[in-house]
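Now for the letters of each chain:
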Amino acid sequence: MSATAEALPDTRRMWLPRTNPGVYKALVALQRASSEGLSTELAELIRIHASQLNGCAYCLHMHLSDALAAGMEPLSLGMVSVWSEAPHLFSDRERAALALTEAVTRLGENGVPDDVFNSARAVFDEVELGQVVASIVMINAWNRIAVTGRYPAGLDERQLR
């Protein structure tokens, strides 16, 4: 359900794929590397939750669409923002990744609490844990670019290159 650029009001203040193609290509390569080896479902949950926390409608729309296209359960996707109140809808690994996503996204003054990190360490091996953290960092980078640039929900730069 992506729209064409012409069908949406153009609220963009910048468009990185056009104005900074070298940076854009490097970010895309880092995005691919960061999620390598993670299941589509886990990677999309991370992207969706960080985008919710950051208020990035552009990325949230894109990743909800991707998750639905991948066959993920709509009810679970609708409950991502309140995952801790609906733990039965998410596996141990998903809950650990969602908690870590919250901590890394809201880094602030307190950093990542030991209990959150240790819970993730208990369900992911060292390589997977690095991939999860890198995936969280990457979606936060994309969220910040899209929010700063005022990218509209429904636009998908992957289809506009």
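The shown structure was predicted, so the numbers you read here are calculated from the model rather than taken from an experiment. As a convention, each chain's residues are numbered from 1 in the sequence order in which they are written. Restriction of local features to residues with pLDDT of at least 70 applies here, the model being predicted, together with a cutoff of 80 or more for giving and counting side-chain atom pairs; totals for whole chains, interfaces and linings are based on all residues. Excluding hydrogens and water, the side-chain values take into account all heavy atoms of the structure.

S.K.: I would appreciate a short explanation of the packing of aromatic side chains in the present structure.
M.R.: The geometry of an aromatic ring pair comes down to the distance between the two centres and the angle between the two planes. Side-chain rings of Phe, Tyr and Trp, where Trp is taken by its six-membered ring, are said to pair if the distance between their centres is within 6.5 Å; with planes under 30 degrees apart they count as stacked, over 60 as edge-to-face, and otherwise as tilted. In this structure the tally under the stated criterion is 3 aromatic pairs. With centroids separated by 5.1 Å and ring planes inclined at 85 degrees, the aromatic side chains of Tyr58 and Tyr151 adopt a geometry described as edge-to-face. Of the two residues, Tyr58 sits in helix α4 (residues 57-69) while Tyr151 sits in the segment after α8 (126-149), which places them 93 residues apart along the sequence. In this structure Tyr58 comes out as buried when scored by relative accessible area, which is 3%. One aromatic cluster in this structure is built from Trp15, Tyr58 and Tyr151. One Lys or Arg, Arg12, reaches over the ring of Trp15 and ends 4.5 Å from the middle of that ring. By the criteria applied, helices consist of DSSP H or I runs no shorter than four residues and strands consist of E runs no shorter than two, each listed in order from the N terminus. The buried label goes to any residue with under 20% of its type's maximum accessible area, the exposed label to any with over 50%, and the partly exposed label to all in between, with areas taken from a 1.4 Å probe on protein chains only. Placement of a positive charge over a ring is assigned whenever Lys NZ or Arg CZ falls within 6 Å of the ring centre and within 35 degrees of the normal to the ring plane.

S.K.: How should I be thinking about the packing of helix α6 (residues 92-105) against α8 in this particular structure?
M.R.: In helix packing, the relevant descriptors are the interaxial angle and the interaxial distance, both defined with respect to the helix axes. For the pair α6 and α8, interaxial distance at closest approach is 10 Å and the crossing angle is 50 degrees. Regarding the angle of α6 to α8, the classification is oblique. Crossing of α6 over α8 shows right-handed handedness. Residue-level inspection shows Arg93, Ala97, Leu100, Thr101, Val104 and Thr105 of α6 in contact with α8, the latter providing Glu128, Leu129, Val132, Val133, Ile136, Asn140 and Arg144. Only Asp, Glu, Lys and Arg are considered charged in this grouping, and only Ala, Val, Leu, Ile, Met, Phe, Trp, Tyr, Cys and Pro are considered nonpolar; every other residue, Gly among them, is considered polar. The residue inventory of the contact of α6 with α8, partitioned by class, reads 7 nonpolar, 3 polar and 3 charged. Each axis is a line fitted through C-alpha atoms, and for a helix only the stretch in contact is used; angles between axes span 0 to 180 degrees, taken between their N-to-C directions. Our angle categories are set so that under 35 degrees counts as roughly parallel, over 145 as roughly antiparallel, 65 to 115 as roughly perpendicular, and the remainder as oblique. Put simply, a crossing is left-handed when the front helix is turned counterclockwise from the back one by less than a right angle, and right-handed when it is turned clockwise. A contact between two residues is defined here by any heavy atoms of the two lying within 4.5 Å.

S.K.: Can you walk me through the layout of surface pockets in this structure?
M.R.: A water-sized probe, rolled over the atoms, reveals where empty space remains. Considered as a void within the structure, the largest pocket measures approximately 370 Å³ in volume. Taken together, 22 residues make up the lining of the largest pocket; nearest its centre are Gln31, Met62, Trp142, Glu157 and Arg158. Split into classes, the residues belonging to the lining of the largest pocket amount to 12 nonpolar, 3 polar and 7 charged. Think of a 1 Å grid over just the protein atoms. A cavity is a set of points where a 1.4 Å probe fits yet cannot get out, a pocket is an open set with protein on both sides within 12 Å along at least five of seven lines, and lining residues have an atom within 4 Å of a point. Grid points are joined across faces, edges and corners, and a volume is the space filled by probe spheres set on the points.

S.K.: Can you help me understand the nonpolar core in this one?
M.R.: Within soluble globular proteins, side chains that are nonpolar generally end up buried alongside one another. Residues enter a nonpolar core if they are buried and are Ala, Val, Leu, Ile, Met, Phe, Trp, Tyr or Cys, with the set joined through side-chain atoms within 4.5 Å. With 41 residues, the main nonpolar core has Tyr58, Leu100, Phe124, Val132 and Trp142 as its most contacted residues. Mapped by element, the contributors of at least two residues to this core are α2 (21-35), α3 (40-54), α4, α6, α7 (114-123) and α8. With 8 residues, α8 is the single largest residue contributor to this core. Once you skip the residues sitting within four places of it in the chain, Val132 turns out to touch Leu38, Leu42, Ile46, Ala97, Leu100 and Phe124.

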